[in-house]
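# Observations on the three-dimensional arrangement
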Amino acid sequence: MDGRKIILLVGALFVAAITAFMARSLMTGSSAPVAGAAPMPGQPAPVDAIEVLVATKALPVGTILGPDSIKFVAWPKDLVEGAYFQKDGTDLAKLQGTVVRFAIPAGQPLTQGAIVKPGDRGFLAAALSPGMRAVTVPVSAQAAVAGFIFPGDRVDLILTQAVAGGGDGPPLKASETVLRNLRVLATDQRTDKQQDEEGKTVVATYSTVTVEATPRIAEKIAVAQTLGTLSLSLRSIADNTSELEQAIASGEVTMPDGSDPKAEKAMIARLASRPSEGGSTLTTGADVSRFQRSTVPGKARDDDAMAGAGPRPAAGAYPGAAAAGDGPVVKISRGNAVTVVPVGGKN
C-alpha cells in the first residue's frame, strides 16, 4: 500500500472521530428544563407579587373580624391597589375586633373602607345585622363569666328572681334561661379585646354588656331587668349547629324543596346566628336544696270580695271554724274554700 492511501485512511478515521465526538456533545450537553418550585406557605412572595390581606371566608355586613377571618396571601403586583392592606406596614392585632361595613366574598382582598375600627363613628351601627337592635345589659363580675366574655362571643341570658307567695316561709327562688344565642357587641363600651405588650388577651371585669337582639327580644330584656338579676352564660360554637339540626328535625324550621345548595347553606347560617326566645329551661330552689320550695304556695286572700262575692267572712264563719280566742286551729284550703279545724282547748 502506497503512502497516499495510508494518508487518506488516517484522515477519514480522524474526521469520523471528530464527527462522533461532536454528535455525542450535542446529545448530552443540553439538560432538561427544571420546573420552578412554588413558594410554600410562610415563604416570601415572588418578586412580581405582594402579600395582601384577604378574607378566608365570606364576611357578611356586621362581621366582627377574628384571627380565623383574614390572612395574607401573594397577590399579583400589577393588580394591587392602594386601598389594600399589605403585609408590610399592617398590624393584624390592630384589626382584631373591627367590623365589616360592606360584604366581602371569600378570597377577596380587604380594603381600607370596607371595615370600621372600634371608636370610629358609626361602628356599633355597622356591627348590627339588618333588623337587629343593640341592648345594654347590667351584669356583675360573677354574672359575666368573670370577664371571659368578649365581643363576638355568643351568650344565653339567665334571669334569677324571688317570687313571693302566700303563707309562711321564704319566697320561691327561681332561675330560668329566657333568651339564647345573643351576640356580644361590646363590654363596658369597649368593642375590642384588650391586649398587653406581649399580645396576650387581658381579662378585665365589667359591669355592662351590649348584645344584639331583635326588637321583640330587646323589649323582653328591658322587662327582665326589672324582674330580677341577669346573668350571662357563654355558649359553645357547636351549640348553634346542634340546636338548628334539632329544630329542623322537629319541624320547627322547614327548608324549601329544590333550593340551591349555596342558598340553603346561607339560609342555615342566618338561622344559626339569630337569637332565640324559645326552649327556656327552669330551675327552682327545690331543685338545689330540699329546704326550698318548688312552687309558689297560695294564701287566703279576699278573693271573694275582689270577685264581687262580698267581704270575707269573719272568724268562725267557715264550716267547722272556731270563734276567735277558742284556741289553736288549723286552716285547710281546698281551692278557694278554707276550713278552720280546732286542734286544742281554750287558752
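As shown above, the structure is provided for reference.
Report on the accompanying structure. These numbers come from a predicted model, not from an experiment.

Each helix and strand counted, the protein has seven helices and twelve strands in total. Buried positions account for 27% of the 347 residues belonging to the protein. Long-range pairs, those at least 24 residues apart, make up 65% of the contacts in the protein with a sequence separation of at least 6. Accessible surface for the protein amounts to roughly 22300 Å². Of this, 57% is attributable to carbon and sulfur atoms.

The next thing to look at is the pattern of salt bridges. Under the counting rule described, the total for this entry stands at five salt bridges. Ionic pairing is found between Lys-57 and Asp-68, a salt bridge with its closest N-O pair at 3.7 Å. One end of the pair, Lys-57, is in the loop between β1 (49-55) and β2 (70-76); the other, Asp-68, is in the loop between β1 and β2, and eleven residues separate them in sequence. Exposure remark for Asp-68: the relative accessible area of 52% places this residue in the exposed category.

Note that Thr-210 resides in strand β8 (residues 208-213). For Thr-210, a relative accessible area of 10% gives the class buried. A distance of 3.2 Å separates polar atoms of two side chains, one belonging to Thr-210 and the other to Thr-136. Residues contacting Thr-210, with those up to four places away along its chain left out, are Ala-134, Val-135, Thr-136, Arg-183, Val-184, Leu-185 and Ala-186.

Thresholds, definitions, all that
- Residues numbered from 1 in each chain as written.
- Predicted model: local features only at pLDDT ≥ 70, side-chain atom pairs only at ≥ 80, totals over all residues.
- Heavy atoms only, no water.
- Helix = DSSP H or I, 4+ residues; strand = E, 2+ residues; numbered from the N terminus.
- Buried < 20%, exposed > 50% of the residue type's maximum accessible area, 1.4 Å probe, protein only.
- Contact = heavy atoms within 4.5 Å.
- Areas by Shrake-Rupley, 256 points an atom, 1.4 Å probe, with all protein chains shown as cover.
- Salt bridge = Lys/Arg side-chain N within 4 Å of Asp/Glu carboxyl O.
- Polar contact = N/O pair within 3.5 Å; in protein donor to acceptor, adjacent residues only side chain to side chain.

Note that every value here comes from positions in space, so none of it alone points to a role or purpose.
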